[in-house]
Amino acid sequence: FTLRMDTSSLPFSNPKTMSMVQDLMKKGAVEELKKCFSSRMEFGTAGLRAAMGPGISCMNDLTIIQTTQGFCQYLEKSFGNLKERGVVIGYDARAHPPSGGSSKRFASLASAVFVSRGVPVHLFSDITPTPFVPFTVSHLGLCAGIMVTASHNPKQDNGYKVYWENGAQIVSPHDKGISKAIEENLEPWPESWNTEEALKSSLLKDPYQDINTQYFKAIQKHCHHREINKSSEVKIVHTSVHGVGHAFVQSAFKAFDLHPPYAVEEQKDPDPEFPTVKYPNPEEGEGVLTLSFALAEKEGATVVLANDPDADRLAMAEKQESGQWRVFTGNELGALLGWWVFHCWKQQNSDAGAVKNLYMLSSTVSSKILRAIALKEGFHFEETLTGFKWMGNRARDLLDQGKTVLFAFEEAIGYMCSPSVLDKDGVSAAAIAGEMISYLATTNTSLSQKLAGIFEEYGYHISKNSYFICHDQDVIRSLFERLRNYSGKKDSYPVECGRFSISAVRDLTTGYDSNQPDNKAILPTSSSSQMITFTFSNGGVATMRTSGTEPKIKYYTELCTAPGNSDVTSLKKELDELVDAIVENFFEPQKNKLQPKPE
């Protein structure tokens with residue numbers, strides 16, 4: 001790599017990224033240039049996610065064209081009828097003025113690639129929530145879908161998320177096949193840059209109006225208490241955190257005959273700068289919700305709902321009697337929504353045998369509360385690997401077998417309350433939560449009281465999740481390898497952690513599971529990511545794993561008890577002590593120079 005790089009031969013058709021590269025060369029910024037050009041973004045099952053800017057390691061016009069050419073060619077090989085069925089492309093409101101990159105621009109370029117090959121494209125004419133793309137794939141019977149979004153990542157990032165013909169996100173081996181096809185199609189095709197011609201093509205259709213109508217029609221199947229909704233006095237605040245959610249959540253409430261939620265004025269319109277928040281991620285809790293709480297106090301509202309910027313996630317908070325706000329964890333909201341959808345189903349199904357056809361799903365790092373409800377109520381519960389791609393694909397399999405999939409969730413505030421979208425959907429979840437809140441209000445029950453009631457009935461499930469930041473892959477690798485060779489011998493996992501004895505270990509990186517007769521894990525394994533789960537003799541479960549999209553080592557812990565044990569204070573103390581032991585003995589943050597989650 002030298003600074004005598006000849007940029008005249010590089011296929012730039014974006015003067016902004018070109019001039020950014022020239023500026024870096026003038027400054028002699030070798031490290032920056034290396035960052036941009038030394039390694040290509042990896043296409044995985046989550047598609048792409050990276051900063052917008054110049055070079056093959058960033059999201060820009062060229063890398064979007066290259067990715068789409070590879071994806072297009074892979075689809076041509078996979079489907080003989082691609083030119084009859086076509087694809088859908090949606091986008092959020094992200095933009096990066098310095099590089100000229102934006103979600104809308106990237107969506108137009110992706111459309112141009114498909115149109116140049118004679119493939120029909122359903123390109124949304126305006127921003128949409130992510131769930132609209134999988135909904136459109138299923139509704140129109142398309143071969144695939146692309147959503148240009150970086151969800152709740154920092155403002156400089158963007159992403160490229162891919163759905164298969166079954167309406168779920170892609171899983172392996174599609175990612176490998178697409179990745180290989182991208183490498184084989186790096187040279188832009190003659191028409192790939194030509195967005196103006198593509199936008200005039202008869203192959204291009206705008207599904208916006210039709211899908212808007214059909215989506216809100218489809219989710220009304222999950223509205224069971226219209227009369228209560230109409231007369232409810234409950235006041236709810238909603239924020240879309242400068243993302244796309246505002247108009248769609250207003251429409252979802254209308255579809256359920258709920259009174260419109262109060263919108264946080266400073267955050268309701270899309271703004272790629274996310275000016276009022278440090279991180280546009282409602283998972284980060286109170287910091288993101290400060291303006292929502294202020295509006296709720298002003299209007300006398302008791303509940304706040306928040307979507308992330310692409311509206312596929314939902315967070316919820318409730319004002320307590322003390323005047324403090326309680327932000328529910330993803331697991332707690334999962335327990336409430338899981339209870340609610342089953343409660344509604346039971347009210348409508350008197351046939352005792354029908355419950356045997358019913359399924360709920362959650363990811364392996366999420367709360368086991370659905371398992372406890374399933375055991376008592378008689379429906380099926382299944383666990384999948386982390387990520388909605390697994391739950392979406394498993395839901396599709398079950399639906400194809402004639403089963404009913406009522407609900408799926410992951411602790412990262414992702415909820416699938418309707419099989420119309422085989423992915424997490426914060427828009428339908430917001431309306432369904434609104435109806436649940438209105439229903440509970442008829443008996444003067446708060447969300448916190450109902451949650452306690454669920455735990456009393458099915459057993460307390462108390463969880464504590466967090467993460468450490470680590471940018472050094474070698475440190476991450478050695479941390480996990482130490483746990484695999486704990487007594488110095490290979491495959492000798494810890495048998496205790498501080499005062500807590502370990503009863504089982506499952507390692508989904510290597511495929512080891514001490515609970516299975518042959519020590520082989522049942523869930524799929526992946527050597528490219530780290531993930532170990534410890535089960536403790538006291539009913540505790542802890543999973544340590546790396547993140548696929550961020551420089552984090554995450555941990556997820558939960559203490560599950562049988563119904564009847566309701567000494568919450570001592571349960572919380574026990575879990576806190578377990579987490580402290582895991583951090584001290586397994587993470588060793590001082591030795592490994594790990595940064596704790598910023599408060």
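Definitions and limits used
Residues numbered from 1 in each chain as written. Predicted model: local features only at pLDDT ≥ 70, side-chain atom pairs only at ≥ 80, totals over all residues. Heavy atoms only, no water. Pairing = 2+ DSSP bridges. Helix = DSSP H or I, 4+ residues; strand = E, 2+ residues; numbered from the N terminus. Contact = heavy atoms within 4.5 Å. Axes fitted to C-alpha atoms, helices over the stretch in contact; angles between N-to-C directions. 1 Å grid on protein atoms, 1.4 Å probe; cavity = no way out; pocket = protein on both sides within 12 Å on 5 of 7 lines; lining within 4 Å. Points joined across faces, edges and corners; volume = space filled by probe spheres on them. Polar contact = N/O pair within 3.5 Å; in protein donor to acceptor, adjacent residues only side chain to side chain. Core = buried A, V, L, I, M, F, W, Y, C linked by side-chain atoms within 4.5 Å. Buried < 20%, exposed > 50% of the residue type's maximum accessible area, 1.4 Å probe, protein only. Domains from an automatic or database assignment. UniProt positions renumbered as here; feature names shortened; annotations may be inferred.

Side note on the sheet that holds strand S2 (residues 87–91)
So, point 1. Judged by pairing direction, the sheet is mixed, and its six strands sit side by side in the order S1-S7-S6-S2-S5-S8 without closing on themselves. Lying at the two open borders of the sheet, with one neighbouring strand each, are strand S1 (48–51) and strand S8 (204–205).
So, point 2. Relative to strand S7 (residues 157–163), strand S6 (residues 144–148) runs antiparallel, the two being bridged by four bridges. Residue pairing across strands places Val 148 opposite Tyr 160, the latter belonging to S7.
So, point 3. In the packing of helix H3 (residues 61–78) onto the sheet, contacts are made with S1, S2, S6 and S7, and the angle to S7 comes to roughly 5°.
So, point 4. The strands touched by helix H5 (residues 103–116) are S2, strand S5 (121–123), S6, S7 and S8; relative to S2, the strand with the most contacts, the crossing angle is about 165°.

Points about the layout of surface pockets
So, point 1. There is about 480 Å³ of room inside the second largest pocket.
So, point 2. Considering the residues around the second largest pocket, the lining is formed by 20 residues, among which Arg 371, Glu 383, Arg 506, Asn 515 and Thr 535 are closest to the centre.
So, point 3. Of all the elements in the fold, those that place two or more residues in the lining of the second largest pocket are strand S15 (380–384), strand S20 (500–507), strand S22 (531–536) and strand S23 (540–546).

A short note on the sheet that holds strand S11 (residues 303–307)
Across a sheet, paired strands are connected by hydrogen bonds in the backbone, their directions being either parallel or antiparallel.
So, point 1. Taken together, five strands build an open sheet; the order of strands is S10-S9-S11-S12-S13 and the sheet is mixed. Of all the strands in the sheet, just strand S10 (262–263) and strand S13 (325–327) have a single pairing partner and so form its edges.
So, point 2. Judged from the three bridges that link them, strand S12 (residues 314–319) and S13 form a sheet pairing that is antiparallel. From the neighbouring strand, Ala 317 faces S13, where its bridge partner is Val 327.
So, point 3. Taken strand by strand, helix H11 (residues 245–255) contacts strand S9 (236–239), S10 and S11, and its axis lies near 145° from that of S9.

Focus on the side chain of Gln 69
So, point 1. Position of Gln 69 relative to the elements: it lies in helix H3.
So, point 2. From its side chain, Gln 69 meets the backbone oxygen of Asn 185 in a polar contact 2.7 Å long.

So, the nonpolar core
So, point 1. Judged by nonpolar contacts, the single largest core of 160 residues is most densely connected at Phe 71, Phe 114, Met 316, Phe 407, Tyr 415 and Phe 587.
So, point 2. Counting only domains with at least three residues in this core, you end up with domain 1 (15–204) and domain 2 (461–596).
So, point 3. With 10 residues, the next largest nonpolar core counts Tyr 359, Met 391, Leu 398 and Leu 422 among its residues.

Section: the UniProt feature "domain: Alpha-D-phosphohexomutase alpha/beta/alpha" (unreviewed entry) in the protein
So, point 1. Per the UniProt entry, the sites bearing "domain: Alpha-D-phosphohexomutase alpha/beta/alpha" (unreviewed entry) are residues 41–186, 214–319 and 330–458 in this numbering.
So, point 2. Taken end to end, residues 330–458 has its terminal C-alpha atoms 18 Å apart, with 53% of it in helix and 16% in strand.

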